[in-house]
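Observations on the model geometry
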Amino acid sequence: IPYDPYHIRSDSNIHFDFSCADGRNAALATLANLGRNSTLPAAYAHHTNAAASSHGYAWIAAIPAAVYMLQDQEVHAAEMERTFIAIKPDGVQRGLISEIVSRFERKGYKLVAIKLVVPSKQFAEKHYHDLKERPFFSGLCDFLSSGPVLAMVWEGEGVIKYGRKLIGATDPSKSEPGTIRGDLAVVVGRNIIHGSDGPETAKDEIALWFQPKELVSYTSNEEKWIYGVN
């Protein structure tokens, strides 16, 4: 078969067109499927590597590694979860927004939704519905609706559970130094931040505070450095 600088053919009749970006993407997708479903024959691997070397396509020899990298990315994508985090009126009024947001960013979590709102008391009652039988319920709702609240959705691997660790115990006096409440709050009634305590709660709270169109899906340039597998 005559050498064609834009095509590579093999005995297996697999044909990849690298003349445009779509061709390269399709080829990688095909190879990814091969990597999941089977092992390339040794003869084919040798033929491909030889062809790549002789025609200056040395990068093709690295495609099997790229396949596994793609698989790793898919695994991590499947493990991503979202949680609802809110900076309460006291945290907003004390100018702690940048401090709190930076702690989640430095950890490696990704911000996918954010807005500043003043919730009504009726809305606060919906948010704290699970506490409606507690004697402090009314006061809690009055406080949440007393001023601006910074509502956020953060995304990342294990963000629900570890987000709670970043926040600290409900009672700041029992929170470890290094946590948000441990460092920045003193009493329970002014503990500056709220975070979902489980997957179902996170799902419900995100749906309460945000419309689906307000949630942004994107790939951060930092993800390969946060979730890389050696």
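Here's what I pulled together on the structure shown here.

What counts and how
Within every chain, residues take consecutive numbers counted from 1 along the sequence as written. At least 70 in pLDDT is required for a residue's local features to be given in this predicted model, at least 80 for side-chain atom pairs to be given and counted, and no such filter applies to totals for whole chains, interfaces and linings, which use all residues. In computing side-chain values, all of the structure's heavy atoms are included and hydrogens and water are not. Here, a salt bridge means any side-chain nitrogen of Lys or Arg that lies within 4 Å of a carboxyl oxygen of Asp or Glu. Helix numbering and strand numbering both begin at the N terminus, where a helix is a DSSP run of H or I of at least 4 residues and a strand a DSSP run of E of at least 2. For every residue, the accessible area (1.4 Å probe, protein chains only) is compared with the maximum for its type, and the residue is labelled buried under 20%, exposed over 50%, or partly exposed between those bounds. In summary, the pairing rule links any two rings of Phe, Tyr or Trp, Trp by its six-membered ring, whose centres are within 6.5 Å, and it sorts them by plane angle into stacked for under 30 degrees, edge-to-face for over 60 and tilted for everything else. Geometrically, a lysine NZ or arginine CZ counts as sitting over a ring once it is within 6 Å of the ring centre and also within 35 degrees of the ring normal.

**A closer look at the pattern of salt bridges**
For the structure on display, the rule yields seven salt bridges. The residue Glu155 makes a salt bridge to Lys110 at a minimum N-O spacing of 3.1 Å. Remark: Lys110 occurs in strand β4 (residues 110-117) and Glu155 occurs in strand β5 (residues 149-157); sequence separation between them is 45 residues. There is no split in this pair, since Glu155 and Lys110 are both buried. One salt bridge in this structure joins Lys110 and Glu223, with 2.7 Å as the shortest N-O distance. Of the two residues, Lys110 sits in strand β4 while Glu223 sits in helix α11 (residues 223-226), which places them 113 residues apart along the sequence. With relative accessibility at 9%, the residue Lys110 sits in the buried group.

**Some words on the packing of aromatic side chains**
Applying the stated criterion across every chain yields a total of three aromatic pairs. Arranged with centres 5.3 Å apart and planes meeting at 25 degrees, the rings of Phe104 and Trp154 form a pair that is stacked. Linking Phe104 in helix α5 (residues 97-107) with Trp154 in strand β5, this pair joins segments that are 50 residues apart in sequence. A residue is classified by how much of its surface remains accessible, and Trp154, at 0% relative accessible area, is buried. A network of ring pairs unites the aromatic residues Phe84, Phe123 and Trp209 as a single cluster. Cation over ring: Lys110 sits above Tyr218, and NZ or CZ is 4.8 Å from the ring centre. Here the guanidinium or amino end of Lys115 rests over the ring plane of Phe210, the centre of that ring lying 4.8 Å away.

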